[in-house]
Every structure is written in C-alpha cells, then in structure tokens.
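Analysis of the macromolecular model
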Amino acid sequence: GGTPIQHQIVAGEKMSAVSVFKMSEGIDDGDIYKQIPFSLAGTLDEILSRMIDLGIVITRDFLQDLANDSVIFHPQLDLENNPALKRRTQADGEIHLERARTNSYEAIYNLVRGLNDPYPNAYITLTDGFLYLQSVQKRSKLPSESIVLNSGINGAGFNNDKLIVIQVSDGYALIAKSKFVPSK
C-alpha cells in the first residue's frame, strides 16, 4: 500500500515487495500467500505502476491456485520488529532549511519523490507561503544564476529565470519542479 511504500522510499530502502496475505485482526499481519520483490528506483508514479503490474500477476496466480484448491499461506515472520506504519501527515513533509544542510541530497530526493502526487508534497515554509516540491535534481556545484533558499526568504520574489536550490551536505538540490502557494 501507499503508506509503507512512502515510508520505505523516505527511509532510503532500495527494494520492497508486493504481498497478498490473508486478512486478520491486525493491520497487514495476516499469513502471506505470495510476495514478489520489486525495485524502489524511479519516480513514485513508476513505483506505483510496478506495484499494480505485480499485483495483477499475484492475483492471477491466486485465482488459479484457488480454482485448483492449492492455495497455501505462510505465517509472517518477525512481526513484533516490524510494526504497522502510520499514515504520513502534512507536517512529516516539511523540509527545515537550517537542517537541510546536514542532510544528503539522497535524503531530500527520497523525501520529495516519496511525497509526490497524489500525496501531500514535501514543502518548505517561506515567510509569505509554502513552496511545494515535486522534483529535485542533484548538483555538486552551485549553479550560476541561482537562489539558495535560506530561512527568512519569501516566495513572491522568485523569478522564473533564476534556479532555486537547497544546500545539502553533499552539494545542492536543484528544485526542478515546484509550486508556490501564498499564505492566506
């Protein structure tokens, strides 16, 4: 589902699995019919598309095994060390500029791509509104004609011919796609 995938992307996981399991009283803790691993590389749309494709494969297998009366479920292991994850909130997506400098580009990139549409986007609070991030790109050097975001900056002054970047521990995160929403 969406919540575990978002958490895995933001945490920097490289692989996940699509699972079909038996419903139980807990959340996502029923016995497993089948799991198919897949890569968490790419955009959120690409990842969700892979999940759908693999879900179709597992569903077809399940229906065939059900028709042949050969469905086998296996208990999940290590459930106590893998609790159900809570849905991310809007506040979970805030990038604090003063702390961003200690984060790697990959951490910012994973937050932005893990919180992409249709979910609430990662964002930066500015003095006059919010900058919602939809795509970032790595830059090792500060691009010319760029604005480095820092505390106290306002969004109304952004100019379309200026590149906007966030300074991170290993360079810069160029904001490739964003949306500014003024405060009310």
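Numbering of residues starts from 1 in each chain and follows the order in which that chain's sequence is written. Per-residue local features of the predicted model are confined to residues with pLDDT of at least 70, and side-chain atom pairs are confined, for both listing and counting, to 80 or more; whole-chain, interface and lining totals are unaffected and use all residues. Note: side-chain values were computed over all heavy atoms of the structure, leaving out hydrogens and water.

Under the scheme used here, helices are H or I runs from DSSP no shorter than 4 residues and strands are E runs no shorter than 2 residues, and both carry numbers assigned from the N terminus. Looking only at helices and strands, the protein features four helices and seven strands. In the protein, the succession of helices and strands from N to C terminus is α-β-β-α-α-α-β-β-β-β-β. Computation of the radius of gyration draws on C-alpha atoms, with the globule rule given as 2.2 Å multiplied by the number of residues to the power 0.38. Computed over its C-alpha atoms, the radius of gyration of the protein comes to 20 Å, more than 25% above the 16 Å expected for a compact globule of 184 residues. Taken over the C-alpha atoms alone, the protein extends approximately 65 × 30 × 25 Å along its principal axes. Three labels apply to residues, based on accessible area from a 1.4 Å probe with only protein chains included: buried if under 20% of the type maximum, exposed if over 50%, partly exposed otherwise in between. The buried share of the protein, taken over its 184 residues, is 32%. For the protein, the exposed surface amounts to about 11100 Å²; the carbon and sulfur share of it is 52%. A residue counts as positive if it is Lys or Arg and as negative if it is Asp or Glu; His and the chain ends are not included. Lys charges are placed at NZ, Arg charges at CZ, Asp charges at CG and Glu charges at CD. Seen as two clouds, the 18 positive and the 22 negative side-chain charges of the protein have centres 8 Å apart. Working definition of accessibility: Shrake-Rupley area with a 1.4 Å probe, residue cover restricted to the visible protein chains.

In this fold, Thr3 is placed in helix H1 (residues 2-10). If we ignore the near neighbours within four places in the chain, the residues touching Thr3 are Leu85, Lys86 and Arg87. Throughout, a contact is declared for two residues whenever any of their heavy atoms are within 4.5 Å.

This brings us to the confidence of the model for the protein. pLDDT gives the predictor's per-residue confidence on a scale running from 0 to 100. Averaged over all residues, the pLDDT of the protein is 88; the fraction at 70 or higher stands at 91%. For the protein, per-element mean pLDDT is lowest for strand S5 (residues 146-148), which scores 85, and highest for helix H4 (residues 105-114), which scores 96.

Turning next to the environment of Val168. With respect to the helices and strands, Val168 occurs in strand S6 (residues 163-168). Here the alpha-carbon distance between Val168 and Ala107, two residues 61 residues apart in the chain, equals 9.3 Å. Discounting residues that sit within four places of it in the chain, Val168 has contacts with Ala100, Arg101, Asn103, Ser104, Tyr105, Ile108 and Ala173.

What follows concerns helix H2 (residues 44-67). Multiply 1.5 Å by the residue count of a helix minus one, and that product is the helix's expected span. An ideal rise of 1.5 Å per residue puts 34 Å on 24 residues; H2 measures up with 34 Å between its terminal C-alpha atoms. Structurally, H2 contributes buried residues whose contacts are with H1, strand S1 (15-21), strand S2 (32-39) and H4. Positive backbone phi, at 55 degrees, marks Asp69, one or two positions downstream of H2.

What follows deals with the sheet that holds strand S4 (residues 129-139). Pairing between the strands of a sheet comes from backbone hydrogen bonds, and it takes one of two forms, parallel or antiparallel. The five strands lie next to each other as S3-S4-S7-S6-S5, forming an open sheet whose pairing is mixed. Unpaired on one side and paired on the other, strand S3 (122-126) and S5 mark the two borders of the sheet. Each strand of the sheet is rotated relative to its neighbour by a mean of 45 degrees, with strand direction disregarded. We treat two strands as partners when DSSP finds at least two bridges between them. Looking at chain direction, S5 and S6 are connected through three bridges and run parallel. What sits directly across from Val148, in S6, is Val165. Only C-alpha atoms enter the line fits that serve as axes; for helices the fit covers just the stretch in contact. Angles between N-to-C directions range over 0 to 180 degrees.

Side-chain pairs of opposite charge can arise where the charged atoms are in close proximity. Just to be clear on terms, a salt bridge is a Lys or Arg side-chain nitrogen sitting within 4 Å of an Asp or Glu carboxyl oxygen. Taken as a whole and judged by the stated rule, the model has three salt bridges. For Asp61, the salt bridge is made with Lys34, and the minimal N-O distance between the two is 2.7 Å. Of this pair, Asp61 sits in helix H2 while Lys34 sits in strand S2, and the two are 27 residues apart along the sequence. When its relative accessible area of 27% is taken as the criterion, Lys34 is described as partly exposed. Note that Lys138 is salt-bridged to Asp170, the shortest N-O span being 3.3 Å. Taken together, the positions of Lys138 in strand S4 and Asp170 in the loop between S6 and strand S7 (171-182) put the pair 32 residues apart, joining distant regions of the chain. On the basis of relative accessibility, which here comes to 44%, the residue Lys138 falls in the partly exposed class.

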